[in-house]
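# Per-entry structural report
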Amino acid sequence: MEVFAGGVAESDRVFNGLTSAIDEVLSNTSAPASLRHEVLQMAVIFVCGISQLSPGAYFLRHDLFPCIVTTITSSGTEQYTFEAALLLALLANFHKSDAAKLNPYLRCIRETTNEDLMHKTCWAANFAAAAVVKAYQSIADDSPPTLTASLGSFLSALRPDRAFASTPVDPPRELFKSQPIEACVILLPLFEFLHGSKVFRQVFADTLTAGAEQKTTTSTITPLPLTMLSLFSYLVSHASSSSSARAIAYANLSLNTLLAMSESDDILAALAKDTHHEIRMCRQRLPPLPPFQPPRSPLCALLDCCILWLRHNLHKKLEVHCYLTCIRVIYRVLWYLQKEHVRLVYHWQELWRAMILLLDFLANKLDSLTTSGGVEQLVQEALLAIDFALCRCEQLLPSPQAVHELVYEVVRSAEVFRKQRTLLEKLSNPHSTASQKRLSGTTPRAPQALSNIIALAELYKVKLREAGVRSANQGLRAVAKEIEKDGLSYGADLHGTDDPP
């Protein structure tokens, strides 16, 4: 206020004049487009610069939503949708946590029915997200393997100078330290619309339906939801590899956007349908995801993003909140699949292994972790997700083999689950040396869920021992034989019929 107004006494006159001038220029469709663009850029820079400081309150008093909509929907300025949508998201985030009801932009996002605004926002977001994905791919080619490429790699490996080469490793982290590029900020307005607007969620889902109706095998434009899933895969894969707070913040935003998507039945219904579009998932970190061929349900790509986060971000400085969000996304997708009786063909073993790896990591590394708390709730919610998968597996999984594989993964990880009892006891002890802070909403069902899982693991482990199993294949066949003979023996269903909170 001192810099721009010369003191608090003049702040009303100066900042009211500023917001009025911005509104007047952006609303004036007869003004030169270049002038409106410069004013829009100035507004974005100013709002970014003041952050959460008091001058932002003047932008709440003077509602700029109508002029932002005009900028996006006018033919002369629609090419500036990226900046206009960003300005809207920045204004919606002013004192969002403590004054959400007072922020007119959140209310406008929630109540608007302007589909032209939403379609053009989707168009700009798709273009920006695709640019971010291409920036990652330009650093390290992670194209899915083909027969020709595999044969070439094999022949190359036979060369004398390659015969003793080391096994493949991840690309150096330094290569990705400047990623993602600035265009990634488009995720902020996308999240605000997906989280706040039911109409936008329907428009977002309809972009997939429209793509299918246009015979996607000849279409060159990938629908926005698929581009976003591709982008999320790169953001979560590289989130903590560069030790960049910015990269982790974008991964957090990605996971929260996935959660907003998973909370919408309309979006999940659209994602559950097979698509012929290629969804490029990040393969720049080892181990890569299993290859796949279209057609494929985009829900598989959504779960792939969760696997990539679970695999590649287990570090001493653990982003517990992000892991909680990831587990909640998985739980909601599983809930939707069993509720709608959708039998998703997917590499389910990769998901179960990633979740069990998380639990094993927490049990073994608790004392050396640096966190802001919430480990106890993370363990509880991960156990409940696995318990739900086991309890509803016959409604959820696509084949008896998938059920057998889930049970076998639990049986072979029996020791990991036994460790969780000790871990939960340690975390619940207020005098524990681990001294983990708890998040609100701890789940009392988790101990019973853990008992269910351990009882299953012990039951089938005895049967495998009696059968003299000596290999993984023998173990899987023995589990399958026992389930086919007596059915799956499992504990009480703790999950009810209501949608998860």
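Here goes a summary of the coordinates provided. Source: prediction; values computed, not measured. Within every chain, residues take consecutive numbers counted from 1 along the sequence as written. Per-residue local features of the predicted model are confined to residues with pLDDT of at least 70, and side-chain atom pairs are confined, for both listing and counting, to 80 or more; whole-chain, interface and lining totals are unaffected and use all residues. The basis for every side-chain value is the complete set of non-hydrogen atoms in the structure, without hydrogens or water.

## Some words on the pattern of salt bridges
- Any Lys or Arg side-chain nitrogen found within 4 Å of a carboxyl oxygen on Asp or Glu counts as a salt bridge. Inspection of the entire model under this criterion finds 21 salt bridges.
- Across the pair K120 and D116 runs a salt bridge whose closest N-O atoms are separated by 3.8 Å. Of this pair, K120 and D116 are both found in helix α8 (residues 115–139), 4 residues apart, which corresponds to roughly one turn of the helix.
- Among the residues examined, K120 registers a relative accessible area of 17% and is labelled buried.
- Close ionic contact of K426 with D367 constitutes a salt bridge, the shortest N to O distance being 2.7 Å. Here the residue K426 occupies a position in helix α21 (residues 414–428), and D367 occupies one in the loop between α17 (348–365) and α18 (375–391), the gap between them amounting to 59 residues.
- Bridged by salt links that share partners, the residues R311, E350, R353, E409 and R412 form one connected network. For the purposes of this entry, the term helix denotes a DSSP run of H or I that reaches at least four residues, the term strand denotes a run of E that reaches at least two, and both are numbered from the N terminus. For the exposure calls, accessible area comes from a 1.4 Å probe over protein chains only, and a residue counts as buried if that area is under 20% of its type's maximum, exposed if over 50%, partly exposed in between.

## A short note on the packing of aromatic side chains
- Only centres within 6.5 Å qualify two rings of Phe, Tyr or Trp (six-membered ring in Trp) as a pair; their planes then separate them into stacked at under 30 degrees, edge-to-face at over 60, and tilted for everything else. Overall, the coordinates contain 13 aromatic pairs when judged by the stated rule.
- When the centroid spacing of 5.3 Å and the interplanar angle of 55° are considered together, the rings of W309 and Y323 count as tilted. Of this pair, W309 sits in helix α15 (residues 298–312) while Y323 sits in helix α16 (residues 320–339); the two residues are 14 residues apart in sequence, bridging distant segments of the chain. Each member of the pair, W309 together with Y323, is buried.
- Arranged with centres 5.5 Å apart and planes meeting at 15°, the rings of W348 and W352 form a pair that is stacked. Of this pair, W348 and W352 are both found in helix α17, 4 residues apart, which corresponds to roughly one turn of the helix. Each member of the pair W348 and W352 is classed as buried.
- Aromatic rings pair up to connect F15, F46, Y58 and F59 into one cluster.

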